[in-house]
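# What the coordinates show
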Amino acid sequence: MTKFQAPKGVSEYFPPRSNHFEYIRNTIIESAKTSGYELMELPVFEDTELFARGVGESTDVVRKEMYTFEDRGGRSITLRPEGTAGVMRATIEHNLDRGQLPVKVFYSGAFFRAERPQAGRYRQFYQVGIEAIGLSDPLIDVEVIAVADRAFRQLGLKNYRLEITSLGDAITRANYLSQLRAYIATLDFDEETKARAEINPLRLFDDKRPEIRSVLATAPILMDYLTPESAADFDAVKNSLEALNINFVVNNRMVRGLDYYTGTAFEFVHEGLGAQSGIGGGGRYDGLMAQLGGASLSGIGFGLGVDRILLACEAEGLSMPEGSELDLFIVPLGTAPAALAIAEELRERGLRVGMSYGDRALKGGMKAADKSGARYSIVLGADELASGEVALKAMKSGESQSVTLSLLANHLIGLTADFGDHS
RNA sequence: GUGGUCGUAGCUCAGCUGGUAGAGCACUCGGUUGUGGUCCGAGAUGUCGCGGGUUCGAGCCCCGUCGAUCACCCCA
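Residues numbered from 1 in each chain as written. Chains lettered and ligands numbered in written order. Predicted model: local features only at pLDDT ≥ 70, side-chain atom pairs only at ≥ 80, totals over all residues. Heavy atoms only, no water.

### Notes on the sheet that holds strand 2 (residues 45-47)
- Spatial ordering of the open sheet is given by 2-4-3, a layout of 3 strands whose pairing is antiparallel. The two strands at the open ends of the sheet, each matched to only one other strand, are strand 2 and strand 3 (67-70). Mean inter-strand twist for the sheet, computed between neighbouring axes without regard to direction, equals 35°.
- Note that strand 2 and strand 4 (residues 76-79) share 3 bridges and pair antiparallel. Of the residues in strand 4, the one forming a bridge with Glu46 is Thr78.
- Together, strand 2, strand 3 and strand 4 form the strand contacts of helix 2 (residues 48-55), whose direction differs from that of strand 2 by roughly 80°. (Pairing = 2+ DSSP bridges. Helix = DSSP H or I, 4+ residues; strand = E, 2+ residues; numbered from the N terminus. Axes fitted to C-alpha atoms, helices over the stretch in contact; angles between N-to-C directions. Contact = heavy atoms within 4.5 Å.)

### A word on empty space enclosed by the protein
- This model, assessed by the stated rule, comprises 1 cavity of 30 Å³ or more.
- Here the largest cavity defines a volume of roughly 60 Å³.
- Along its surface, the largest cavity is lined by Met40, Leu42, Pro43, Glu46, Phe51, Arg80, Glu82, Gly83, Gly86 and Tyr107.
- Here the residues of the lining of the largest cavity sort into 5 nonpolar, 2 polar and 3 charged. (1 Å grid on protein atoms, 1.4 Å probe; cavity = no way out; pocket = protein on both sides within 12 Å on 5 of 7 lines; lining within 4 Å. Points joined across faces, edges and corners; volume = space filled by probe spheres on them. Nonpolar A, V, L, I, M, F, W, Y, C, P; charged D, E, K, R; others polar.)

### Points about the pairing of strand 7 (residues 160-166)
- Strand 7 sits mainly inside the fold: 6 of its 7 residues count as buried.
- Direction of pairing for strand 7 relative to strand 9 (residues 262-270): antiparallel, over a ladder of 7 bridges. Paired with Thr165 across the strands is Ala265, a residue of strand 9. (Buried < 20%, exposed > 50% of the residue type's maximum accessible area, 1.4 Å probe, protein only.)

Written as structure tokens, this is what we have:
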């Protein structure tokens with residue numbers, strides 16, 4: 001019989017590493033909650049047209065990376081390649097854009113892009129993102145960036161940097177693009193590169209080939225075409241970031257992969273990940289909501305790649321908490337039913353309790369206790385059941401003390417309180 | 001989607017110019033009657049990714065395929 005394999009390019013997590021994944025995801029979510037963002041849980045598939053219009057027809061994501069299929073009713077469905085379009089759709093559909101503003105939400109889940117897989121680049125990957133809809137104040141840009149930066153700092157990441165730029169408003173872009181196209185027209189590229197330039201000339205700045213880069217070194221810079229309003233907003237963002245001691249570098253060649261960005265755009269780049277160095281990115285999308293049929297509201301958000309952040313934490317050798325640190329491990333000696341009853345009683349009290357099953361010898365049971373990582377253990381034999389006294393052994397020190405079985409829960413709760421809670 | 005590298009026990013890997021597989025760690029049991037982590041002893045474990053070909057004979061050679069990985073494209 002042939003063994004089943006996971007589909008090509010998906011990321012999977014299982015113990016012990018899944019504990020690290022969970023920790024990272026929770027850290028980001030907690031940071032978002034700290035800033036007042038609330039959960040928005042959305043479908044992983046949407047009408048194909050939503051992404052085509054929302055993300056942009058010219059993007060690679062839409063042109064060749066979407067998982068699109070027809071459902072049984074003949075509708076064209078696409079597995080979500082990013083989170084913002086869905087949030088916009090739900091916000092409009094449920095009239096949140098006509099209610100109290102701003103709408104501040106976070107999401108967490110799987111996303112899909114049919115790319116050639118690589119370390120840190122998967123066909124199913126995980127993002128946590130936030131969106132703040134209905135405020136055009138540049139300070140909200142900074143709030144959004146701060147949520148991500150705080151999460152990274154709490155994780156202990158060091159070797160990353162925040163790059164920011166401004167893509168300006170519609171007038172900025174129109175002026176700039178005509179200048180850039182004029183400049184590119186004077187250059188001689190290969191056919192494929194010409195085609196890319198045709199679709200979106202900004203994409204050329206993303207090219208890694210040195211010959212292309214050197215030619216583009218003298219190209220006009222978008223930053224020079226910012227309207228006074230856009231420039232003022234960008235200055236406000238930079239000043240505010242400085243005031244909060246959030247380090248950043250201005251990258252006036254930054255290219256975002258999605259078409260909806262306007263104004264502030266940013267990217268978090270980690271140095272230890274090879275080619276897939278972006279661990280998160282986002283920006284302002286002031287035209288998107290209206291384009292999808294909603295109110296004319298501005299918005300800003302980010303998406304952080306949980307898979308890549310995990311790789312970044314590992315690259316930096318950060319220690320991450322393991323999941324299930326047990327408070328107590330019970331080794332039964334022919335007393336398994338009673339042991340299970342005691343374990344359940346303690347679990348009802350909120351203690352994390354493990355036990356060995358399957359009639360193991362004492363030595364095997366103690367080995368299991370050791371490997372479980374539990375802080376304490378007890379051996380439960382006929383003697384203990386008869387006397388109601390157990391020897392509570394602290395695994396680390398090896399010392400044990402006699403405790404009355406009926407008081408075990410209270411005793412353990414008192415002991416473990418010193419270690420803080422388990423969350 | 002394009003190109004390079006790789007695919008041997010649960011994990012990390014070794015396997016000489018082709019002669020039907022090994023190490024370390026992990027695992028199980030034991031080292032005299034009920035206390036783990038060190039040490040000692042014993043034991044189990046693989047269709048050598050999958051399919052085909054060359055050969056008397058292939059883990060080692062050839063082709064295909066699946067997957068991983070690295071770079072490009074692009075991006076979280």
